[in-house]
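Summary of the model geometry
Chain by chain, the residues run as shown.
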Amino acid sequence: MENPESSRTDDPVAGLLARYIRMPGVPDEMIGSDGGLRPVWAKFIPGLAAFSEDALAARQARGDRYLRDAGVFFRQYGPDTPVERDWPLSHMPVLIGEDEWAGIEAGLIQRAELLERVVADIYGDNRLVADGHLPPELVAGNPEWLRPLVGVAPRGGHFLHFLAFDIGRGPNGAWWVLGDRAQAPSGAGFALENRIATARSFSELYADLNVQRLAGFFKTFREALYRLRGSDEARIAVLTPGPMNDTYFEHAYLARYLGLMLLEGEDLTVRNGEVMVRTVAGLRPVSVLWRRLDANWIDPLELEQDSRLGTPGMVDALRAKSVTMLNALGSGVIEARAFLAFLPRISEALTGEPLALPNLATWWCGQQSERDHVMQNADRMTVGDAFANAPSFGHTSIDLDDGESLGDRIERDGVHLVGQEAVALSTTPALDDGQLVPRPMSLRVFLGRTPEGWQVMPGGLARIGRRGDTVELAMQKGGSTADVWVVGHRPAARVTMLSGRGDDVLRQKPEELPSRAADNLFWLGRYVERAENAIRLTRAYHLRLAEASAAEVELLEAVAAHLTWLGASPEQGFPQGLGAMISSAANTAARVRDRFSVDGWSALSDLDRTLAGMSNTALPGDDMARAMSVLLRKISGFTGLVHDNMYRFTGWRFLSIGRAVERASLLAGLLVDFGDPAAPDGSLDFALEAADSTQSHRKRYAVATSRQTLVDLVALDTLNPRAIIHQLDEIETHVGFLPDTGVARQLTPLQRSLLQMRAMLAGRTPEALTTPIIADIRTRFVALADELAEAYFG
């Protein structure tokens, strides 16, 4: 533990709070109405104040470093193209006492039960509309109401399994519900990452405050998912729209954390009413889908016809009750702001009880009395889209036509508008230049259904405004997020995702690899190997360029032509094609992000950043050669981490096959251009260097480099990991472990091709392995990739 000396003032707490001025009429999470620290903060703030400004900055940097190394990001949508941004962590946690949290839990569980009944009625008996509790326009006119799902009872009986609620503390100090999230609630995975980063920043304070752990919530929810399977052979998956989604990192993170498959719509097919995942071993059943994809895009046959993200026939599978969807399609209907105006009365009608946590006061302008009220009080309200699903946070969010007043718009289009009470949310401390300042805050709290009922995550995701304006709570508007610590009276139980049951030591059956994931891993291996080869060639070119004599001009021209053929021309400064290769590798890796360790992903990201940093600075010659040496070490670090640390499941084999196919093809191309008798002087030694086999040649042969020794070492030596035949051995070994290639089966077309290629190589002497034959071998390796794709990626 550090032993910092405070440099603030004689009173460290006073120094820390010197700029903390409460906003008039706004409650504060840390400072009570009497101007003193609230009890739940009484231990944390003095501990925080004990750190010097340098020590505090170092601790913030520690949290940021973890998030950066873990690759946590969100995708920010701008006017041009989406951009990946570092995760915006506000390092100060939000502290809530467990007694107050118990009230929040009870109120949200009551609300979750109510929403389940509302959705069940909307897609079932429709009594709420028939009895006048819900206007029919709010159902039939809601874009999230899905007519094909009417009358489709969910498998297992429940529509809702995972919910989120946005809540905030109002001026009277009570908590309000600002919005309900049932479509595909996001943030739970980010809350986990916030917890890790913040706990690392303030590890001693975290340990002393009895903060309730998050792992127990996820462990219980995972167990609930497994109970929904119906069969031990059925799979559970997180259904994602793909890497371009703004919260894709979370989808991959949760899939990895919970041990679930991460699938996109194209991974799935519906056969005879049953959902199946395409794997390299064939079709396999999927019975539980935790969707992170909006419902309208799930099935292009019955919902949004232009969807390229969904799976045709999914609605039919739901009718057949072969799959449980979390949450049920169409449940997003209850997210509409207008529903907040009716839920209090619906609660009374269905349960006989008022809502324990009140709504943000809302008036639907489709009724005359409410419309009049909104127009008379518009200066104290926000007016917005009735079917939007986000709180307006203090600003009117509708566009008016030229010359149209707000009153005219409300009168004309009241069915599509709501008025909501302008909210002044409570403030919470945030760090700014080593001191605490108040910032507006809302909380997102998560609930998961278990066989024992709803369970609430003890904490959640706090959204923090950039300044004093609640409009900037959203990350897309520049807001940040913070961890939420529920502080208990006693030490929290230590819960992990690992079970203590003795039978858990039994190995589980290896997961079937989705065909799309296999395809991406195969191409990742190829892209990385291609980039490494281009780096080696570029380095060798610039080493010779730095000391080029007239005799080497012809060789340099040949190397430049070879690099241009590979897409990495050296003649215009830094080879831009090299950046494209690394980007292709990174983009492909992003499609299978759930299959990489944090270290592997961090190494690839570091390579991408390093490349971007040197692309405009490295000069031709020795400077460029040194830059290529740096890149070579970094790309070797990535391949080493991945190949040494990935479990030897099928995914690793496809990655390795891709690497071997690309290496063999590139080595063959190298021998064609630089091992031919007509190649320029110096080509043989250049080929050895580019093949990273110079040292091996010195140890293997007692003579100078000749075409025979080059071909023998780089094409025919099974002990040389940079030899073509060694790649063939690697591919044959990995293919032997793939589905449908057992020893008792007939050879597959892929295996026959491998045998023919081995005969072409192993049956020849170096002298007989002519340039045309090597060129033919290169073509066969390209064809081999096509055969692999046909067998396993279709």
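Residues numbered from 1 in each chain as written. Predicted model: local features only at pLDDT ≥ 70, side-chain atom pairs only at ≥ 80, totals over all residues. Heavy atoms only, no water.

Examining the overall build of the protein
In terms of regular secondary structure, the protein is built from 26 helices and 19 strands. For a compact globule of 794 residues, the expected C-alpha radius of gyration is about 28 Å, and the protein comes in at 31 Å, within 12% of that figure. Principal-axis analysis of the C-alpha atoms places the extent of the protein at approximately 95 × 70 × 70 Å. Sorting the 794 residues of the protein into buried and exposed places 56% on the buried side. Partitioning the contacts of the protein with sequence separation of at least 6, the portion at a separation of at least 24 is 71%. (Helix = DSSP H or I, 4+ residues; strand = E, 2+ residues; numbered from the N terminus. Rg over C-alpha atoms; globule rule 2.2 N^0.38 Å. Buried < 20%, exposed > 50% of the residue type's maximum accessible area, 1.4 Å probe, protein only. Contact = heavy atoms within 4.5 Å.)

Describing unusual backbone geometry
For residues that are not glycine, phi is negative in most cases, and the peptide bond is trans in most cases. Of note, the bond from Leu-326 into Asn-327 is cis; its omega dihedral lies within 30 degrees of zero at -10°. For Asn-327, the location among the structural elements is in the loop between strand E11 (324-326) and helix H12 (343-351). Notably, Asp-433 is not glycine yet its phi reads approximately 55°, a positive angle. Note on placement: Asp-433 falls in the loop between strand E15 (427-432) and strand E16 (435-450).

Notes on the sheet that holds strand E14 (residues 417-421)
Judged by pairing direction, the sheet is antiparallel, and its three strands sit side by side in the order E12-E14-E13 without closing on themselves. The open sheet has two free edges, formed respectively by strand E12 (362-364) and strand E13 (381-385), since each of these has just one partner strand. Mean inter-strand twist for the sheet, computed between neighbouring axes without regard to direction, equals 25°. Taken together, the five bridges between E13 and E14 define a ladder with antiparallel strand orientation. From the neighbouring strand, Gly-384 faces E14, where its bridge partner is Val-418. (Pairing = 2+ DSSP bridges. Axes fitted to C-alpha atoms, helices over the stretch in contact; angles between N-to-C directions.)

Looking at the pattern of salt bridges
Evaluation of the coordinates by the stated rule reveals 42 salt bridges. Of the charged contacts, one joins Arg-111 and Asp-180 as a salt bridge, the two residues approaching to 2.7 Å between their closest N and O atoms. A residue pair is termed long-range when its members are at least 10 positions apart, and Arg-111 in helix H4 (residues 98-122) and Asp-180 in strand E5 (residues 175-181) qualify at 69 residues. For Arg-235, the salt bridge goes to Glu-512, with nearest N and O atoms at 2.6 Å. Pair noted here: Arg-235 is in strand E6 (residues 235-239) and Glu-512 is in the loop between strand E19 (480-487) and helix H15 (515-546), with a separation of 277 residues, a long-range link. For Glu-512, a relative accessible area of 15% corresponds to the buried category. Among the ionic contacts, a cluster of salt bridges with common partners joins Glu-529, Glu-532, Arg-536, Arg-659, Arg-663, Asp-692 and Arg-722. (Salt bridge = Lys/Arg side-chain N within 4 Å of Asp/Glu carboxyl O.)

Let's talk about the confidence of the model for the protein
Averaged over all residues, the pLDDT of the protein equals 89, while 92% of them reach at least 70. Here residues 1-8 scores under 50 on pLDDT; set against residues more than four positions off or in separate chains, the count is 24 contacts. Here residues 501-508 scores under 50 on pLDDT; set against residues more than four positions off or in separate chains, the count is one contact. (pLDDT = per-residue confidence, 0-100.)

Re the pairing of E6
The buried count for E6 comes to five of five residues, which makes it a mostly enclosed element. By the alternation rule, side chains of E6 split into Arg-235, Ala-237 and Leu-239 and Ile-236 and Val-238, which are all buried. Examined bridge by bridge, E6 and strand E10 (residues 282-291) share five bridges and lie parallel to one another. Residue Leu-239 lies in a different strand from E10, and its bridge partner there is Arg-291. Where E6 meets strand E7 (residues 261-263), three bridges bridge the pair, whose relative direction is parallel. Across the sheet, Leu-239 pairs through a bridge with Leu-263, a residue of E7. As a crossover connection, the stretch from E6 through helix H10 (residues 248-258) into E7 is right-handed. (Right-handed = clockwise from strand over helix to strand, strands pointing away.)

A few points about a negative patch on the surface
A surface patch of like charges, here negative, comprises Glu-554, Glu-557, Glu-571 and Asp-681. Within the fold, Glu-557 resides in helix H16 (residues 553-566). (Patch = residues over 30% accessible without salt bridge, like charges linked within 9 Å, V, L, I, M, F, W, Y side chains within 5 Å. Areas by Shrake-Rupley, 256 points an atom, 1.4 Å probe, with all protein chains shown as cover. Lys, Arg positive; Asp, Glu negative; His and termini not counted. Charge placed at Lys NZ, Arg CZ, Asp CG, Glu CD.)

So, the packing of aromatic side chains
The description of an aromatic ring pair uses the distance of the two centres, along with the angle that the planes make with each other. For the coordinates displayed, the defined rule picks out 24 aromatic pairs. Arranged with centres 6.0 Å apart and planes meeting at 20°, the rings of Phe-190 and Phe-249 form a pair that is stacked. Of this pair, Phe-190 sits in helix H7 (residues 188-201) while Phe-249 sits in helix H10, and the two are 59 residues apart along the sequence. As far as the burial class goes, Phe-190 and Phe-249 line up, both buried. With 5.6 Å between their ring centres and 75° between their planes, Phe-654 and Tyr-792 make a pair best called edge-to-face. Of this pair, Phe-654 sits in helix H20 (residues 650-674) while Tyr-792 sits in helix H26 (residues 771-792), and the two are 138 residues apart along the sequence. Exposure class is identical for Phe-654 and Tyr-792. Each is buried. In this arrangement the basic side chain of Arg-648 is found over the ring face of Trp-652, its NZ or CZ atom lying 4.0 Å from the centre. (Phe/Tyr/Trp six-rings, centres within 6.5 Å; stacked < 30°, edge-to-face > 60°. Lys NZ or Arg CZ within 6 Å of the ring centre and 35° of its normal.)

Observations concerning empty space enclosed by the protein
Applying the stated rule across the entire model yields eight cavities of 30 Å³ or more. Roughly 120 Å³ of internal volume is contained in the largest cavity. The class makeup of the residues in the lining of the largest cavity is eleven nonpolar, one polar and two charged. Taken together, Glu-529, Asn-533, Arg-536, Arg-663, Leu-666, Leu-667, Leu-670, Ala-690, Ala-691 and Arg-722 form the lining of the second largest cavity. Those elements that provide at least two residues to the lining of the second largest cavity are H15 and H20. The element contributing the most residues to the lining of the second largest cavity is H20, with four residues. Its residues placed into classes, the lining of the second largest cavity shows five nonpolar, one polar and four charged. (1 Å grid on protein atoms, 1.4 Å probe; cavity = no way out; pocket = protein on both sides within 12 Å on 5 of 7 lines; lining within 4 Å. Points joined across faces, edges and corners; volume = space filled by probe spheres on them. Nonpolar A, V, L, I, M, F, W, Y, C, P; charged D, E, K, R; others polar.)

So, the pairing of strand E9 (residues 274-279)
The sheet contact formed by strand E8 (residues 268-271) and E9 spans four bridges and is antiparallel. Note that in E9 the partner of Val-270 across the bridge is Val-275. The turn linking E8 back onto E9 is made up of two residues, and Asn-272 within it adopts a positive phi angle of 55°. Bridge count for E9 against E10 is four bridges, and the pairing is antiparallel. From the neighbouring strand, Val-277 faces E10, where its bridge partner is Arg-284. The turn joining E9 and E10, which pair antiparallel and follow one another in sequence, is formed by two residues.

Looking at the nonpolar core
Core analysis: the largest hydrophobic core is formed by 95 residues, its most contacted members being Leu-578 and Ile-724. A total of 14 residues in this core trace back to one element, the largest contributor, which is H20. When near neighbours in sequence (up to four residues on either side) are disregarded, Ile-724 contacts Ala-664, Leu-667, Ala-668, Leu-671, Val-714, Ala-715, Leu-761, Ile-777 and Phe-781. (Core = buried A, V, L, I, M, F, W, Y, C linked by side-chain atoms within 4.5 Å.)

Focus: H15
A rise of 1.5 Å per residue sets the reference length of H15, with its 32 residues, at 46 Å; its end C-alpha atoms lie 47 Å apart and thus fit the reference within 8%. With respect to burial, H15 is a largely interior element, 25 of its 32 residues being buried. (Expected span 1.5 Å × (residues − 1).)

Observations regarding helix H23 (residues 707-716)
By the criterion of burial, H23 is predominantly enclosed, with eight of the ten residues buried. Within H23, burial applies to Arg-707, Thr-709, Leu-710, Val-711, Leu-713, Val-714, Ala-715 and Leu-716. Taken together, the buried residues of H23 touch H20, helix H21 (683-690), helix H22 (694-700), helix H24 (724-735), helix H25 (749-762) and H26.

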